[in-house]
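Tertiary structure, described
Here is what each chain is made of, one letter per residue.
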Number of protein chains: 2
Amino acid sequence: MARKRITPGNIRLTEVAKLAGVSPITASRFFRNPEALSINKRARVESAARELGYVPNLAARALASQRTEVIGVLIPSLTNNVFADVLRGIYDALDGSRYSIQLANTRYSILQEERLLRLFLAQKPAGLIVTGINQTADSRVIMEAVDCPIVQIMEIGPAPIDMMIGFSHFDASKAAISHLLDQGCRRIGFLGARMDPRVQRRLDGYRSAMTEAALFDPRLIVTTALPTSVTLGGTLFADLLAQAPDIDAVFCVNDDLALGTLFECKRRHMVVPDQIAIVGFNDLEFTSSSVPTLSSVRTNRYEMGRNAAAMVIETLEGRRPAGPVVDLGFSVMKRQSSARRR
Amino acid sequence: MARKRITPGNIRLTEVAKLAGVSPITASRFFRNPEALSINKRARVESAARELGYVPNLAARALASQRTEVIGVLIPSLTNNVFADVLRGIYDALDGSRYSIQLANTRYSILQEERLLRLFLAQKPAGLIVTGINQTADSRVIMEAVDCPIVQIMEIGPAPIDMMIGFSHFDASKAAISHLLDQGCRRIGFLGARMDPRVQRRLDGYRSAMTEAALFDPRLIVTTALPTSVTLGGTLFADLLAQAPDIDAVFCVNDDLALGTLFECKRRHMVVPDQIAIVGFNDLEFTSSSVPTLSSVRTNRYEMGRNAAAMVIETLEGRRPAGPVVDLGFSVMKRQSSARRR
DNA sequence: CAACCTCTTGGTAGCGCTGTCAATATCGGT
DNA sequence: ACCGATATTGACAGCGCTACCAAGAGGTTG
């Protein structure tokens, strides 16, 4: 016959209930829905829990209730500081709440994303935050079938799975090009690395703006699948100069590339912005302190993370956010690197 | 009388066992210790699990086994790209393993760290990775009492709680100053932001090197508790110049400050390195592509994260790592910003 | 005063898995 | 052929909590 398992000295809900003089179920309710208790018992349970230093066993809770208090977050990269900002927003929003984060790295692969999604959903997360709007068809199907709030972040588009928060990369890119056109630039190059879906849409925006201005020329575009870096910015800019020596401006899909381009210009003694105007993307902190300061497209990454997490929590608490799709917009920060005197 | 709860259509271990024609307990063993099964049953359980698409319920597992497969990670900041690299290493090491990460942000507060530690330990994590060697006395006590592998990362010191991986910030800083002294610099400034314990030890290293060279002067030191940034680097450098106009070099506790200093020099038309030599810390990617390239102290952050996670896993699997303390070292990357012609 | 409601509390069973033994099968040695 | 040792498998109960239902307390209404 099985012997009784050695029970460790952990404080269980039963102990708290006994000390408070209530049934375990009442004590349980105190933690999930305190308003359901009379003021009297509420205070008794609270002081008993505090006295014993009770910490609920989340595994038991998850098993019994068939759900967890974990919000799954799927992002494509940990290195990219863009996501660091988003994550900070998410963690800040969840700070002090009952929810915690389970983070997974899709490494820019939607197949990997689908695999991780299945893994997450099997554990019945309280909510889900996923990056972008390009999921596999299967991913979409399983996400739509699942009964938990889901927020797609980083960009907006038609047909959200559930909720969505981001901005239009197409419009943002187009606005950056418009600004360069306003400055009198005509031969505007495009530098892109790690061509993920959002960067692709920035390229689409560039192409649209240039075509509308009747200035489109495929030789002005240099892209690579390599992960982005400052050094790569210099390399790509050199490539661009080689295939289109007459450029008068460059739009970089992120600020690292822009900084690399700026350094490469310095190395070649090309004067920014007089000979080459530069506009970056993301508006990282350094853009406003480089020499010359770098124009960039400001995006609200921290707010994106913060709001995404808040939207999940609100939905879980029954206060469904007003609109399922939130456009956080962007703004073109016009600085020295694109200030052409005409 | 309580009615039977509606059981959802989830595949349980029982179903797998039934299909495989074995007892549930045997099926359970397959997932935890496949070698204990005969080859025959092993194959039967495996194919049954695959056929049904079985995914284990982690909550039930955790509840029954009194332990989880979660490794808790406590870091002081999500924004700091130093930790992004460490995290990437940790996630990479755990990729494909049964373990997952629970991340928490201490915001550079050891009290917050202690609170999070209690929260983590109540859930019986498989292991723990904590930042630095400056924990509260209570934190140390509870960590020493806990029966799971613990790795302190980012720096090394005496008396590890369990294991330790990092490098000496004191030595690294001292080596950077030695290099500047070798270059003939005499009035070497120190720029520090967010004076966390590791940055403090870099200051100690600076002080030690300067004192040994009989060149120490408190006016050469500018520090602030503000979080670091490129812009702040420019500001601090300006402050330093104001209180010690005769400096011939600056050691910055990180590369962001160094880049900000470089930009500020450019703004003031001070030639780097001829008038001012600059050395940063961390060797971020951009240091090798700025103009001039920035000297910096390379630290092995990715390896630190990767090894820390590997050490936890090895310990869990009974293969205790050889030494409990691993010194990953550092190297002074000598580049243009500190190359003085004498 | 009965009928009815709302608020609060409790009893019972079970979530899906694994720790602890016990039982059986297998094998080599004497 | 018998014994003990080793591999393999199974039975049972229980991990700590909550879903579900029921029931008592207190108030309101016609």
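Residues numbered from 1 in each chain as written. Chains lettered and ligands numbered in written order. Predicted model: local features only at pLDDT ≥ 70, side-chain atom pairs only at ≥ 80, totals over all residues. Heavy atoms only, no water.

Turning to helix 6 (residues 110-122) of chain B, a few remarks are in order. Three or four residues apart is the spacing at which side chains of an α-helix point the same way, because the helix has 3.6 residues per turn. Residues and elements named next belong to chain B. In this model, helix 6 (13 residues) spans 18 Å end to end at C-alpha, consistent with the 18 Å of a helix rising 1.5 Å per residue. Tucked inside the fold, the buried residues of helix 6 contact strand 1 (70-75), strand 2 (100-105), strand 3 (127-131) and helix 7 (137-145). The N-cap of helix 6, judged by a side-chain oxygen 3.3 Å from the amide nitrogen of Leu111 a few residues on, is Ser109. (Helix = DSSP H or I, 4+ residues; strand = E, 2+ residues; numbered from the N terminus. Expected span 1.5 Å × (residues − 1). Contact = heavy atoms within 4.5 Å. Polar contact = N/O pair within 3.5 Å; in protein donor to acceptor, adjacent residues only side chain to side chain.)

Here we come to the interface of chain B and chain A. Across the contact, 45 residues belong to chain B and 45 residues belong to chain A. Buried area between chain B and chain A, summed over both chains or domains, comes out near 3,800 Å², and the portion from carbon and sulfur atoms is 54%. For the interface between chain B and chain A, the tally reads four salt bridges. The partner of B:Asp95 in a salt bridge is A:Arg107, and the shortest N-O contact between them spans 4.0 Å. On the surface where chain B and chain A come into contact, there are 18 residue pairs in polar contact (both at pLDDT 80 or more). Of all the secondary structure elements, the ones that give two or more residues to the side of chain B that touches chain A are helix 4 (58-65), helix 5 (81-94), strand 2, helix 6, helix 10 (230-243) and helix 11 (255-267) of chain B. Counting residues per element, the side of chain B that touches chain A draws most heavily on helix 5 of chain B, at seven residues. In terms of residue class, the side of chain B that touches chain A is made up of 21 nonpolar, 14 polar and 10 charged. (Buried area = accessible area lost by both parts, 1.4 Å probe. Salt bridge = Lys/Arg side-chain N within 4 Å of Asp/Glu carboxyl O. Nonpolar A, V, L, I, M, F, W, Y, C, P; charged D, E, K, R; others polar.)

All right, on to the sheet that holds strand 11 (residues 325-327) of chain A then. Residue and element names in this part refer to chain A. The strand order across the open sheet built from six strands is 2-1-3-4-5-11, with neighbouring strands paired in parallel fashion. A single partner strand is all that each edge strand has here, and the edge strands are strand 2 (100-105) and strand 11. In this sheet, adjacent strand axes meet at a mean angle of 15° when their direction is disregarded. As paired elements, strand 1 (residues 70-75) and strand 2 share six bridges and run parallel to each other. Looking at the pairing, Val70 lines up with Ser100 of strand 2. (Pairing = 2+ DSSP bridges. Axes fitted to C-alpha atoms, helices over the stretch in contact; angles between N-to-C directions.)

Attention now goes to the nonpolar core. Residues A:Phe237 and B:Phe237 are the most contacted members of the largest nonpolar core, which totals 157 residues. Take this core: its biggest share by element is eight residues, from helix 5 (residues 81-94) of chain A. The contacts of A:Phe237, once residues within four sequence positions are left out, are A:Leu191, A:Ile247, A:Val250, A:Thr261, A:Glu264, A:Cys265, A:Met270 and A:Ile276. (Core = buried A, V, L, I, M, F, W, Y, C linked by side-chain atoms within 4.5 Å. Buried < 20%, exposed > 50% of the residue type's maximum accessible area, 1.4 Å probe, protein only.)

What follows covers empty space enclosed by the protein. Under the defined criterion, the tally for this structure stands at one cavity of 30 Å³ or more. Here the largest cavity defines a volume of roughly 60 Å³. In terms of lining residues, the largest cavity is bounded by A:Ser77, A:Leu78, A:Phe83, A:Ala84, A:Leu87, B:Leu78, B:Ala84 and B:Leu87. Counting only elements with at least two residues in the lining of the largest cavity, the list comes to helix 5 of chain A together with helix 5 of chain B. Broken down by element, the residue count for the lining of the largest cavity peaks at three residues, all from helix 5 of chain A. (1 Å grid on protein atoms, 1.4 Å probe; cavity = no way out; pocket = protein on both sides within 12 Å on 5 of 7 lines; lining within 4 Å. Points joined across faces, edges and corners; volume = space filled by probe spheres on them.)

Turning next to helix 12 (residues 301-316) of chain B. Counted at 1.5 Å a residue, the expected span for helix 12 of chain B with its 16 residues is 22 Å, and the 23 Å between its end C-alpha atoms agrees. Taken from the residues just after helix 12 of chain B, B:Gly318 is the one with a positive phi, measuring 85°.

Time to look at the environment of A:Leu232. Residues and elements named next belong to chain A. Assignment of secondary structure puts Leu232 in helix 10 (residues 230-243). Taking relative accessible area as the criterion, Leu232 reaches 11% and is therefore assigned buried. Sequence separation of Leu232 and Glu113 is 119 residues, and the distance between their C-alpha atoms is 27 Å. Among all residues touching Leu232, those that are not within four sequence positions of it are Ala193, Thr224, Leu226, Pro227 and Leu257.

This next bit is on the relation of the copies chain B and chain A. Each of the two chain copies can be generated from the other by rotation about an axis followed by a shift along it. When chain B is fitted to chain A, the best match, at an RMSD of 0.0 Å, comes from turning it 180° and sliding it 0.0 Å along the axis. What the rotation and shift describe, once combined, is the action of a two-fold rotation axis. Among all residues of chain B, the minimum C-alpha distance to the rotation axis is found for B:Ala59, at 2.3 Å. An overlap of 100% is found between the interface residues of chain B and their copies at the interface of chain A, pointing to a shared contact surface. (Least-squares fit on C-alpha atoms with pLDDT ≥ 70 in both.)

Either a parallel or an antiparallel arrangement is found when strands of a sheet pair, and the pairing is made through backbone hydrogen bonds. All names here are of chain A. If you walk across this open sheet you meet the four strands as 7-6-8-9, and the pairing is parallel. Looking at the sheet topology across the chains shown, the edges are occupied by strand 7 (221-223) and strand 9 (277-279). Sheet twist, expressed as the average angle between the axes of neighbouring strands with direction ignored, equals 15°. Pairing analysis gives four bridges linking strand 6 (residues 188-192) to strand 8 (residues 249-252), with the strands arranged parallel. The residue of strand 8 that forms the bridge with Gly189 is Val250. Along the sheet face, helix 10 touches strand 6, strand 7 and strand 8 and points at about 140° away from the line of strand 6.

Residue and element names in this part refer to chain A. Applying the stated criterion across every chain yields a total of zero disulfides over all chains. Cys252 supplies the cysteine sulfur nearest to Cys265, a cysteine that is in no disulfide, at a spacing of 9.0 Å. Look at Cys265 and you get buried, because its relative accessible area is 0%. (Disulfide = S-S within 2.5 Å.)

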